[in-house]
Amino acid sequence: MDRARLADFLRTRREALQPEDVGLPRGQRPRRTGGLRREEVAALSDMSTDYYSRIEQQRGPHPSEQMLAAIARGLRLSLEERDHLFRLGGYPTPHRVRRGEHISPGMMRIFDGLDDIAAQVVSDLGETLRQTRLASALLGDETGYTGLARSLHYRWFTDPDSRRVYAEEDHPTHSRLIASDLHRAYTRDGKDSRAGEIVEALLARSPEFAELWREHPVPGPYCGPKRIQHPQFGLLELHCQVLVDPDQSQSLQVFTATPGSESHEKLRLLSVVAGQEMSYPES
C-alpha cells in the first residue's frame, strides 16, 4: 500500500468534483477551496467522515477492498481510475473485485438526479448496487446482502420473504422472467462464471427453478409493469423503465405510476414518509 500516493490521488479527485457534479446542493457556507469537502465524499461513499479523512491524511487502518470500492463510487471514478485506486491500496485488479460491481460515472450522474424518484442500479445477475431512498422504501433495502444472496435471482427461489413485495398471483410470471434473465447471463458467461455458480446452487436447492431451467427459458422484458405489495400502502401498480449500460452489464431501473392514479398518490405519500424516516447509514 502506497499511503502517500493513495492520499494524494484521493485529494486530487475530490478537488476536481463540484457538488452539482454528484447531485449535492452547493449550500450557503463559503468554500475555502475548490471541489468537494471530505464529509461530502464520506457521505457519498456511505462511511464516516473520520474514516475517510484518515485515509487522506495517511493514517488509520489499511482500507479494505470494499471500502475502496465505496470510495470509487463516491468519487465517480472511471474503471481505469478505480483500478489505479486499488493498485495504490495494495490490491490486484480486476480479479479480486468484479468490474460489474463498479457503476460508471455516466450512470451515477443520471442516478444522482433521481433522488426523489424510485430508482436503482442493478447488475445483470440481479445484484442491487445502489438505491434511492424512495426505492428502498418501496422495495426494501436490497444492497446489504452478501454471498449468493446478493442476487435477487438467487433469493427469489430460496427465500420466501423476497417474494412478499410482489402480488402473489404474479409470482409465476416473475419466476419465469427471473429464470430467463439468469439463463441469458449463463449462456453468455458459461458454467464457470458467477452466473454458473448461482445456477448450480439453485438447481440443487429449488425444484421450481430446476423445472423452469429444463425448459430453456427465453429472455423477456424483465422489468415491465410491476404490481408492488407494500406493507403500509397496499398494492401499487407501477411502470418500470430501464436504461442499460452494456459495458458494465448493469441497468438503471426507474419505477413510476400513472399521474392521477391511486398508485401515483400512494407513491407520493411513500416519498414523504421516506424523506422523514430514512437516511443512509454510516459504515
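Residues numbered from 1 in each chain as written. Predicted model: local features only at pLDDT ≥ 70, side-chain atom pairs only at ≥ 80, totals over all residues. Heavy atoms only, no water.

**Q** Can you help me understand unusual backbone geometry in this one?
**A** Leave glycine aside and you will find that most residues have negative phi; peptide bonds, for their part, are mostly trans. Residues other than glycine seldom take positive phi values, yet Gln58 does so here, at roughly 60°. Assignment of secondary structure puts Gln58 in the loop between α3 (49-56) and α4 (65-74). The class of Gln58 is partly exposed, set by a relative accessible area of 44%. Not every positive phi belongs to a glycine, and Arg76 is a case in point at roughly 60°. Among the secondary structure elements, Arg76 is positioned in the loop between α4 and α5 (79-88). (Helix = DSSP H or I, 4+ residues; strand = E, 2+ residues; numbered from the N terminus. Buried < 20%, exposed > 50% of the residue type's maximum accessible area, 1.4 Å probe, protein only.)

**Q** Please explain the pattern of salt bridges as it appears in this structure.
**A** Two side chains with opposite charge may pair up if their charged atoms get near one another. One pass over the structure, following the stated rule, counts 22 salt bridges. A salt bridge links Arg13 to Glu81; its shortest N-O distance comes to 2.9 Å. A residue pair is termed long-range when its members are at least 10 positions apart, and Arg13 in helix α1 (residues 3-15) and Glu81 in helix α5 qualify at 68 residues. Here Glu81 falls in the partly exposed class, since its relative accessible area comes to 23%. Its salt-bridge partner being Asp189, residue Arg188 comes within 2.7 Å of it at the nearest N-O pair. Classification of Arg188 by relative accessible area gives partly exposed; the value is 46%. A relative accessible area of 39% places Asp189 in the partly exposed class. The network of salt bridges with shared partners includes Asp8, Arg11 and Glu15. (Salt bridge = Lys/Arg side-chain N within 4 Å of Asp/Glu carboxyl O.)

**Q** Help me understand α4, please; the structure alone is not making it clear to me.
**A** Within an α-helix, residues lying three or four positions from one another point in the same direction, as the helix has 3.6 residues per turn. The buried fraction of α4 amounts to eight of the ten residues, a majority that puts the element mostly inside the structure. Along α4, the residues that are buried comprise Glu65, Met67, Leu68, Ala69, Ala70, Ile71, Ala72 and Gly74. Where the residues of α4 are buried, they touch α1, α2 (38-44), α3 and α5. Backbone geometry just downstream of α4 places Arg76 in the positive-phi region, at approximately 60°. (Contact = heavy atoms within 4.5 Å.)

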